[in-house]
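Spelled out from the first residue to the last, the chains are:
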Amino acid sequence: FQATVKNLFEYLQNHATGLIFLDKVQLFDDYLMSHSANVCYLSMLLGMKLDWYLVEERRNLENWRAKEVITLGLGCLLHDVGKTRVPKEILDKPGRLTEAEMEEIKRHPVYGFEMVRGKVPPSAAMVVLNHHQRWDGTGYPDQVDPATGERRPPLAGKRIHVFGRLATIADVFDATTSKRVYSDAKPSVQALAEILRYNRGFFDPVVERAFFEVMPAFPIGQIVRLNNGFEAAVVDFNPAAPCQPNVKPIRYPDGAPCCYPDDREIDLAETHELQIESVGGVDVRPYLFRAPFGAAAATSATT
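Residues numbered from 1 in each chain as written. Predicted model: local features only at pLDDT ≥ 70, side-chain atom pairs only at ≥ 80, totals over all residues. Heavy atoms only, no water.

(A) Summary view of the overall build of the protein chain. On a plain count of helices and strands, the protein chain comes out with 13 helices and eight strands. Counted over contacts in the protein chain with a minimum sequence separation of 6, partners at least 24 positions apart contribute 60%. Summed over its atoms, the accessible surface of the protein chain is roughly 15,000 Å², and 52% of this surface lies on carbon and sulfur atoms. (Helix = DSSP H or I, 4+ residues; strand = E, 2+ residues; numbered from the N terminus. Contact = heavy atoms within 4.5 Å. Areas by Shrake-Rupley, 256 points an atom, 1.4 Å probe, with all protein chains shown as cover.)

(B) Expanded view of the nonpolar core. Counting residues in hydrophobic clusters, the biggest one holds 52 residues, and the most contacted among them are Phe218, Leu226 and Phe289. In terms of residue count, the dominant contributor to this core is helix α11 (residues 162-176) (eight residues). In this view, phenylalanine 218 contacts Val189, Val224, Val234, Pro242, Cys243, Pro245, Ile276, Val279, Val284 and Leu288; residues no more than four positions away in its chain are not counted. Core analysis: the second largest hydrophobic core is formed by eleven residues, Val81, Val116, Val120 and Ala124 among them. (Core = buried A, V, L, I, M, F, W, Y, C linked by side-chain atoms within 4.5 Å. Buried < 20%, exposed > 50% of the residue type's maximum accessible area, 1.4 Å probe, protein only.)

(C) Focus on the side chain of aspartate 204. Relative to the elements of secondary structure, aspartate 204 occurs in the loop between α12 (188-198) and α13 (205-214). On the basis of relative accessibility, which here comes to 2%, the residue aspartate 204 falls in the buried class. A distance of 2.7 Å separates polar atoms of two side chains, one belonging to aspartate 204 and the other to tyrosine 53. Leaving out residues up to four positions away in the same chain, aspartate 204 has contacts with Tyr53, Trp135 and Arg165. (Polar contact = N/O pair within 3.5 Å; in protein donor to acceptor, adjacent residues only side chain to side chain.)

(D) Molecular detail of α13. Buried within α13 are the following residues: Val207, Glu208, Ala210, Phe211, Phe212 and Glu213. Buried residues in α13 make contact with α3 (30-49), α4 (51-57), α11 and α12. By the N-cap criterion, in which a side-chain oxygen at the helix start approaches the backbone nitrogen of a residue two or three places on, α13 is capped by aspartate 204, the distance to valine 206 being 3.0 Å.

(E) The arrangement of the sheet that holds strand β5 (residues 246-251) in detail. As summarised here, the arrangement of the six strands in space is β6-β5-β4-β3-β7-β8, forming an open sheet in which the pairing is antiparallel. Sheet topology places β6 (266-267) and β8 (282-283) at the edges, where each strand pairs with a single neighbour. Of the strand pairs in this sheet, strand β7 (residues 276-279) and β8 are connected by two bridges, and their pairing is antiparallel. The residue of β8 that forms the bridge with serine 278 is aspartate 283. (Pairing = 2+ DSSP bridges.)

(F) Structural context of the packing of α3 against helix α6 (residues 70-77). Running from amino to carboxyl end, α3 crosses α6 at an angle of 155 degrees, the nearest separation of the two axes being 8 Å. It follows from the interaxial angle that α3 and α6 lie roughly antiparallel. Helix-helix and strand crossings are classified by hand; for α3 and α6 the assignment is right-handed. Together, Met33, Ser36, Ala37, Val39, Cys40, Ser43, Met44 and Gly47 of α3 and Leu72, Gly73, Cys76 and Leu77 of α6 make up the contact between the two elements. Among the residues forming the contact of α3 with α6, the class breakdown is eight nonpolar, four polar and no charged. (Axes fitted to C-alpha atoms, helices over the stretch in contact; angles between N-to-C directions. Parallel < 35°, antiparallel > 145°, perpendicular 65-115°, else oblique. Left-handed = near helix turned anticlockwise from the far one by under 90°. Nonpolar A, V, L, I, M, F, W, Y, C, P; charged D, E, K, R; others polar.)

These figures come from the coordinates and say nothing about function on their own.
Shown next, in the form of structure tokens:
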């Protein structure tokens, strides 16, 4: 993965246009830059896991080129560049948006596409245009016939470029786990649970399945509280039991540091009387879920 990131930065250094747009994002808003970088990271990680799927979906290209994710990363870095044309008072409004304000927000993929079209590779530009298209056709923007100007329904299913399908779920997840002017950041487990509960049909099933394999409900290093009162650090991720990671106790219920033998690693999937109760003071028990796609998940397609 490090080599892929290095290649992306080398691409940016050698193509000034991409850096110009990236500077525009950075100067406009720190959150927008941070969000774009996170979506880039998640999408490229997902793309590398699904290299076989990229080859399948981009059959017009040679295999090595089809699974290359540099332009995916570029598109994700720029996916929200169109928001630089949306008034900041709308983007930063803490209350409920009016219908007109929401319509303006929904124009940002088109604004961004108009900005980057012809200046970055087409597959990167399609990420900018398609990152709010939904698998079930409920996304935005509408299509517009270039000849007649007639508006048509948004894209759906495999009519959405595969890079856009990867970016969509990364975009939703990072937005949910980030602090905004109108909402607090949610723990990863809550964001994933809400994707399962409220966003069904939004995402390419292959992409969604793989995302749940690469994105832990409790990231390694996260401090959690168990239902026995102990604080513990997450030390491993098990996709077959995403809400039952391996943890290492670090504090007794009274706050004293743990020591051997009490600080030995615990596999929560094998210790059924224990579960994670809270993260950062947030009760996460309502969001604990079982592996949604089975233990094998997307890796079965590669074996």
